[in-house]
Amino acid sequence: MLEMTREEFEELVAEALDRIPPELTRLMDNVAVFVEDEPDPADPELLGLYEGTPLTDRGEWYAGVLPDRITIYRGPTLRMCETRADAVAETEVTVVHEIAHHFGIDDERLHALGYG
């Protein structure tokens, strides 16, 4: 297990977000990204979670709603990583995976693309 402060891990998430191409980040709408230490105990190995309405499912009714929420979990990520390089790579995959859900891409397609 890799040791890393919450602040250091938040910086990894911020760096992963910075590596998302600007043409994609401009398309993101009404979404916020958070870092939490641990997921729900029912799913202790969950690395990230997207909660909201994907862009592909939004219609005329979509107005005045709270932002979609992407949460990246520090604990499970660091437990599976041995080095900082591992944590950088895993965090980047998780961030891309959850943002892809915002764009309406499902887990099956993400696994096929190597972001599973």
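Up top is the structure these notes are about.
An account of the accompanying structure is given in this report. (Residues numbered from 1 in each chain as written. Predicted model: local features only at pLDDT ≥ 70, side-chain atom pairs only at ≥ 80, totals over all residues. Heavy atoms only, no water.)

### Let's talk about helix 4 (residues 84-102)
- Its 19 residues give helix 4 an end-to-end C-alpha distance of 27 Å, which sits within 8% of 27 Å, the value for a rise of 1.5 Å per residue.
- Every buried residue of helix 4 is accounted for by Ala87, Glu90, Thr91, Thr94, Val95, His97, Glu98, Ile99, Ala100, His101 and His102.
- Contacts from the buried residues of helix 4 go to helix 1 (6-18), strand 1 (31-36), strand 2 (48-51), strand 3 (68-73), helix 3 (74-79) and helix 5 (107-112).
- In the stretch just after helix 4, Gly104 is the one whose phi turns positive, near 90°. (Helix = DSSP H or I, 4+ residues; strand = E, 2+ residues; numbered from the N terminus. Expected span 1.5 Å × (residues − 1). Buried < 20%, exposed > 50% of the residue type's maximum accessible area, 1.4 Å probe, protein only. Contact = heavy atoms within 4.5 Å.)

### Concerning the pattern of salt bridges
- With the rule as written, the count across this model stands at eight salt bridges.
- Residue Glu38 pairs with Arg79 through a salt bridge whose shortest N-O separation is 2.9 Å. Residue Glu38 is found in the loop between strand 1 and strand 2, and its partner Arg79 is found in helix 3; the two are separated by 41 residues along the sequence.
- Overall, Glu38 belongs to the partly exposed group, its relative accessible area being 43%.
- Look at Arg79 and you get partly exposed, because its relative accessible area is 36%.
- The network of salt bridges with shared partners includes Arg6, Glu10, Asp37 and Arg74. (Salt bridge = Lys/Arg side-chain N within 4 Å of Asp/Glu carboxyl O.)

### Here's the deal with the environment of Gly114
- Within the secondary structure, Gly114 is located in the segment after helix 5.
- Expressed as a C-alpha distance, the spacing of Gly114 and Asp18, which sit 96 residues apart in the sequence, is 20 Å.

### Examining the sheet that holds strand 1
- The mixed open sheet is built from three strands, whose spatial order is 1-3-2. Since the sheet does not close on itself, it has two edges, and those belong to strand 1 and strand 2, each with one partner. Across the sheet, the mean angle from the axis of one strand to that of its neighbour is 15°, orientation sign disregarded.
- Of the pairings in the sheet, the one linking strand 1 to strand 3 comprises six bridges and is parallel in character. Within the sheet, the bridge partner assigned to Phe34 lies in strand 3 and is Thr71. (Pairing = 2+ DSSP bridges. Axes fitted to C-alpha atoms, helices over the stretch in contact; angles between N-to-C directions.)

### Notes on the packing of aromatic side chains
- The final tally for this structure, using the stated rule, is one aromatic pair.
- On the numbers, 5.6 Å between centres and 80° between planes, the contact of Trp61 with Tyr62 is edge-to-face.
- Assessed through its relative accessible area of 53%, Trp61 is described here as exposed.
- Classification of Tyr62 by relative accessible area gives buried; the value is 15%.
- If you follow Arg69 out to its NZ or CZ, it ends over the ring of Phe34, 4.0 Å from the centre. (Phe/Tyr/Trp six-rings, centres within 6.5 Å; stacked < 30°, edge-to-face > 60°. Lys NZ or Arg CZ within 6 Å of the ring centre and 35° of its normal.)

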